[in-house]
Amino acid sequence: MFVATVRVTLKPTVNDPQGLTIARALATLGFDSVDSVRAGKFIEITLDESDRVVAEKQVNEMCEKLLANPVIERYNFDLNPA
Amino acid sequence: MTGPFVLCRLAGVDYFPKSINSRPVSHRPGVGYDFVMKFGILVFPGTWSDRDCGHALETLGQEIEYVWHADTDVDRFDALVVPGGFSYGDYLRAGAIARFSPVMESVSKFAVDGRGVIGICNGFQILCEAGLLPGALMRNDHLEFRCTWTDLRVENDRTMFSHTARSRDLLRVPISHGEGSYQADEDTISELEENERVVFRYSGPAGEVTPEWNPNGSVNNIAGIINKTGNVLGMMPHPERACDPLIGGEDGAAIFRAMFTEMSALG
């Protein structure tokens, strides 16, 4: 068993209105050191698979096909034994 | 391929109900003849504009049938409507899960065959996710859900969705979305612009295409685009909600009407 933790974020070139709004809110709260904020998605997937290479390949495919939209997003993930 | 115009019969006045909606909304009066087409209207879990689209098309004298997303046979239709709503709750991304519905493979084949497909709002998002149209619809730049009337400037009046209007005409059609900011990479945008694939742009009441009249942050005020072959349209505004003067206007009917009005008489 493996647990994949997937992070999907907007490409750096894509405007992130959510991140900008969070940054403004943090500044309003007095966090003057905030330079920029990017918001994204965090997805945890438990896989019933014993082979790490196979599991990695599958998670990659999941990201490519469904979890991320390559037009606007990029992704990365960690794979740890469950 | 049996084209829609071959299948359809010429519609005299008798085919249409004598309601106020039956008169042509055309901004280019006298263009071609209207035909009766059979529209398939897709329904996903969470779709909510299907009945509005059905009502608008029936009022315009067209035949309609609702198609559940698990069905895969769409061959009997002349054109397909992918209506708005929140398919699959917009989970993950708007349209991301709907695009893997069983019906979508048939929709792709239907589109490749050159038959008309119109995606409205969530339908536009689904068509983008499915790769039938380029780019993506992102969260509105101001993060608000906007439900308001907009003026759409017709940018290309030589498509099967817009030939009842003239270039630079304004169509008053409402939007209702939280994720309608059209984005694509620079190459895609310039390809769309060069080949006149931007069909509608958000504008002011005098046709001003400026940031002031951009309701969601879309690149170049883009409100609707077509695919390379010109038979798939995606647009965020809701033409089906602008087909009856009782609810504020009927300019949207010009878009549906274009789909079942012969193009050969185009001047």
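For the structure given in this document, a descriptive report is provided here.

Criteria and cut-off values
- Position labels on residues start from 1 in each chain and follow its written sequence.
- Following the order in which they are written, the chains are lettered starting with A and the ligands numbered starting with 1.
- Per-residue local features of the predicted model are confined to residues with pLDDT of at least 70, and side-chain atom pairs are confined, for both listing and counting, to 80 or more; whole-chain, interface and lining totals are unaffected and use all residues.
- Each helix corresponds to a stretch of at least 4 residues labelled H or I by DSSP, and each strand to a stretch of at least 2 residues labelled E; elements are numbered beginning at the N terminus.
- C-alpha atoms define the radius of gyration in this analysis, and the globule rule sets the expected value at 2.2 Å times the number of residues to the power 0.38.
- We call a residue exposed when 12 or fewer other C-beta atoms sit within 10 Å of its C-beta, buried when the count reaches 20 or more, and partly exposed for counts in between; the C-beta positions come from the backbone.
- Joining buried Ala, Val, Leu, Ile, Met, Phe, Trp, Tyr and Cys residues through C-beta atoms within 7 Å gives a set, and that set is a nonpolar core.
- The arc in question is formed by the directions pointing from the helix axis toward the C-beta atoms.
- In short, DSSP must find at least two bridges between two strands for them to pair.
- Orientation is described by lines fitted to C-alpha atoms, with helices fitted over the stretch in contact, and by angles between N-to-C directions that extend from 0 to 180 degrees.
- By the convention adopted here, residues are in contact when the distance between their C-beta atoms, placed from the backbone, does not exceed 7 Å.
- Put simply, Ala, Val, Leu, Ile, Met, Phe, Trp, Tyr, Cys and Pro go in the nonpolar bin, Asp, Glu, Lys and Arg in the charged bin, and everything else, Gly too, in the polar bin.

### A few points about the overall build of chain A
Then step 1. Scanning chain A for helices and strands turns up two helices and three strands.
Then step 2. Ordered by position in the sequence, the α and β elements of chain A form the string β-α-β-α-β.
Then step 3. Since a compact globule built from 82 residues should have a radius of gyration of about 12 Å, the 16 Å found for chain A marks it as more spread out than a globular shape.
Then step 4. Its C-alpha atoms give chain A principal-axis dimensions of roughly 50 × 25 × 15 Å.
Then step 5. Counting over 82 residues, chain A shows a buried share of 15%.

### Concerning the nonpolar core
Then step 1. One finds Leu42(B), Leu80(B) and Leu127(B) to be the most contacted residues of the largest nonpolar core, which totals 76 residues.
Then step 2. Element by element, the count of residues in this core is highest for helix α6 (residues 253-259) of chain B, at six residues.
Then step 3. Core analysis: the next-biggest nonpolar cluster, separate from the first, contains eight residues, Ala4(A), Val59(A), Cys63(A) and Tyr75(A) among them.

### Some words on helix α3 (residues 102-112) of chain B
Residues and elements named next belong to chain B.
Then step 1. Taken together, the buried positions of α3 are occupied by Val103, Met104, Val107, Phe110 and Ala111. Buried residues along α3 cover an arc of 110 degrees about the axis, so they all sit on one side.
Then step 2. Gly114 sits one or two positions beyond α3 and adopts a positive phi of about 90 degrees.

### Considering the sheet that holds strand β3 (residues 73-81) of chain A
Residue and element names in this part refer to chain A.
Then step 1. What the three strands build is an open sheet, ordered β2-β1-β3; its pairing is antiparallel. Of all strands in the sheet, those bounded by a partner on one side alone are β2 (40-47) and β3. Averaged over all pairs of adjacent strands, the angle between strand axes in this sheet comes to 20 degrees, irrespective of strand direction.
Then step 2. Alignment of strand β1 (residues 2-10) against β2, held across eight bridges, turns out to be antiparallel. Residue pairing across strands places Ala4 opposite Ile45, the latter belonging to β2.
Then step 3. Across the sheet, helix α2 (residues 52-67) lies against β1, β2 and β3, angled at about 155 degrees from β3, the strand it touches most.

### A short note on the sheet that holds strand β3 (residues 79-82) of chain B
Residues and elements named next belong to chain B.
Then step 1. Sheet architecture is open: nine strands sit in the order β2-β1-β3-β4-β11-β10-β9-β6-β7, paired in mixed fashion. The open sheet has two edge strands, β2 (63-68) and β7 (170-177), and neither has a second partner. The sheet shows a mean angle of 25 degrees between the axes of neighbouring strands, direction not considered.
Then step 2. Where strand β10 (residues 222-226) lies against strand β11 (residues 232-235), three bridges are found, and the strand directions are antiparallel. Paired with Ile226 across the two strands is Leu233, which belongs to β11.
Then step 3. Across the sheet, α3 lies against β1 (38-43), β2, β3, β4 (116-120) and β11, angled at about 130 degrees from β4, the strand it touches most.
Then step 4. Sitting on the sheet, helix α4 (residues 122-129) is in contact with β3, β4 and β11, with an inclination near 115 degrees to β4.

### A word on the interface of chain B and chain A
Then step 1. Each side of the interface is counted separately: chain B has 11 residues, and chain A has nine residues.
Then step 2. Residues of the side of chain B that touches chain A, tallied by class, amount to five nonpolar, two polar and four charged.

### Focus on α4(B)
All names here are of chain B.
Then step 1. For α4, the buried fraction is high: eight of the eight residues fall into the buried class.
Then step 2. What α4 keeps buried is the set Asn122, Gly123, Phe124, Gln125, Ile126, Leu127, Cys128 and Glu129.
Then step 3. Looking at the buried positions of α4, the neighbouring elements they touch are β3, β4, β5 (136-138) and β11.
Then step 4. Just beyond α4, the residue with positive phi is Gly131, at close to 80 degrees.

None of this, on its own, says anything about what the molecule does.
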